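# Observations on the three-dimensional arrangement
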Amino acid sequence: MSGTHAIGVDLGGTKILAGVVTRDGEVVRRHERATPHTQEALFVELDAAVEELLTDEVAAIGFGIPGPVNQLTGQIFEAVNTPIADTDFRGRMRGRFGLPVGLDNDANAAAIAEWKAGAARGYDDVVMLTLGTGLGGGVIIGGKPFRGSTGAGVELGHVVIVHDGRPCQGQCTGRGHLEAYVTGVAATAAAQEAFGPAADAHRLVRLANEGDATAREILADIGRHLGSGMGSFANIFEPQLVVIGGGFGMAAWEWVIPSAEEIMRREALRPMRDEAKVVRAELGTAAGLIGAGFVAFETLDAA
Ligand SMILES: [Zn+2]
């Protein structure tokens, strides 16, 4: 099927970001709504976001969901901070709008967007890491999004980098996971320990920018932990490119990424050690909705 436009919807814990996206990843119209807290209200708001953008030129709808998605059944296993667990999400949306519906994890969607229309355009093997309040990630292998057997995608934030280390965030029962060490939340905790209860990740980055040696060392240490994860990902996925995005990742880049890269190259074996380049994401907060648009186009092209 052809189809020149799709609606991409990025469902976040606080906001629903939706947009009409072209096949080049250009966002031609946008709409934003607050994320409500009950399942019934959430579907009302999602429907309204789609309706706001729906025209005859729209051929498919894609959703980026903050949690694992079963691509085979179109169900969502659980979604962080949003009330849509255990629903036949894809079937419900297909029925509601009479259009093909694509579904993906939001971190996968962001990785697809950077690969198709952002920092990783033209590369076949990419690892994307989004450092915000959590750590999301997505992988492109051999010019295709890697989604595993159920299509739930990869959970790059939940690899162990410290045996029996810090407890993980949210519902995760694991310890020593990458996510516990390298997010804005981890940076805020470290900042408060060093600078008192009023400090947070923003202040930590500002202090580092102003030349504070303690702040710079805290961020470099976060970077070294990130590098442990990146080195392992390099050994597993052999990426040509590691793309770093997310609010915290972008703000703290200068203080986190050099030490991350140093450790990544120490841990990675050849040829990954020399090949993998580390670059900034380009699409910012629009990555999720653009990626959801690409996921929508995927359903048309697979048909
Ligand atoms: Zn975890």
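Not measured: the values here are computed from a predicted model.

## Concerning the overall build of the protein
Looking only at helices and strands, the protein features 11 helices and 12 strands. Here the protein has a C-alpha radius of gyration of 19 Å; the compact-globule value for 303 residues is 19 Å, and the two agree. Summarising its shape, the C-alpha atoms of the protein cover approximately 55 × 45 × 35 Å along the three principal directions. Residue burial in the protein is summarised as follows: out of 303 residues, 54% are buried. Considering only contacts in the protein between residues 6 or more positions apart, those separated by 24 or more positions represent 61%. Carbon and sulfur atoms make up 50% of the accessible area of the protein, which totals about 13200 Å². Measuring between centres, the 25 positive side-chain charges of the protein sit 2 Å from its 38 negative side-chain charges.

## Brief notes about the packing of helix α6 (residues 201-209) against helix α7 (residues 213-237)
A pair of packed helices is characterised by two quantities: the angle between their axes and the separation of those axes. For the pair α6 and α7, the least separation of the axes is 7 Å and the interaxial angle reads 120°. Considering how the two elements wind past one another, α6 and α7 form a crossing that is left-handed. Facing L204, V205, L207, A208 and N209 of α6, the residues of α7 in contact are A215, R216, I218 and L219. Residues that form the contact of α6 with α7 fall into these classes: seven nonpolar, one polar and one charged.

## Digging into helix α1 (residues 39-53)
Along its 15 residues, α1 runs 22 Å from first to last C-alpha, staying within 8% of the 21 Å computed at 1.5 Å per residue. For α1, every residue scored as buried is listed here: L42, F43, L46, D47, A48, A49, V50 and L53. In the core, the buried residues of α1 are packed alongside β1 (5-11), β2 (15-22), β3 (27-34), β4 (58-65) and α2 (89-97).

## Some points on the coordination of the zinc ion
Within the protein, the atoms that donate to the zinc ion are H158 (ND1), C168 (SG), C172 (SG) and H177 (ND1), at distances of 1.9 to 2.3 Å. Because the angles between the four donor atoms bound to the zinc ion fall within 104 to 116°, the donor set is best described as tetrahedral. All donor residues of the zinc ion come from one chain, and their arrangement in sequence is H-x9-C-x3-C-x4-H. One end of the pair, H158, is in the loop between β10 (144-145) and α4 (179-182); the other, C168, is in the loop between β10 and α4, with 10 residues separating them in the sequence. Under the relative-accessibility criterion, C168 is labelled buried at 11%.

## Quick look at the packing of aromatic side chains
All told, the structure shown has four aromatic pairs when counted by the stated rule. A connected cluster of aromatic rings, assembled from ring pairs, spans F43, F63 and F89. Cation over ring: R96 sits above F97, and NZ or CZ is 4.9 Å from the ring centre.

Cut-off values and rules
- Residues numbered from 1 in each chain as written.
- Predicted model: local features only at pLDDT ≥ 70, side-chain atom pairs only at ≥ 80, totals over all residues.
- Heavy atoms only, no water.
- Helix = DSSP H or I, 4+ residues; strand = E, 2+ residues; numbered from the N terminus.
- Rg over C-alpha atoms; globule rule 2.2 N^0.38 Å.
- Buried < 20%, exposed > 50% of the residue type's maximum accessible area, 1.4 Å probe, protein only.
- Contact = heavy atoms within 4.5 Å.
- Areas by Shrake-Rupley, 256 points an atom, 1.4 Å probe, with all protein chains shown as cover.
- Lys, Arg positive; Asp, Glu negative; His and termini not counted.
- Charge placed at Lys NZ, Arg CZ, Asp CG, Glu CD.
- Axes fitted to C-alpha atoms, helices over the stretch in contact; angles between N-to-C directions.
- Left-handed = near helix turned anticlockwise from the far one by under 90°.
- Nonpolar A, V, L, I, M, F, W, Y, C, P; charged D, E, K, R; others polar.
- Expected span 1.5 Å × (residues − 1).
- Donors = N, O, S within 2.8 Å, 3.2 Å for Na, K, Ca; no water.
- Tetrahedral: all angles 85-135°; square planar, octahedral: opposite > 155°, others 65-115°.
- Phe/Tyr/Trp six-rings, centres within 6.5 Å; stacked < 30°, edge-to-face > 60°.
- Lys NZ or Arg CZ within 6 Å of the ring centre and 35° of its normal.

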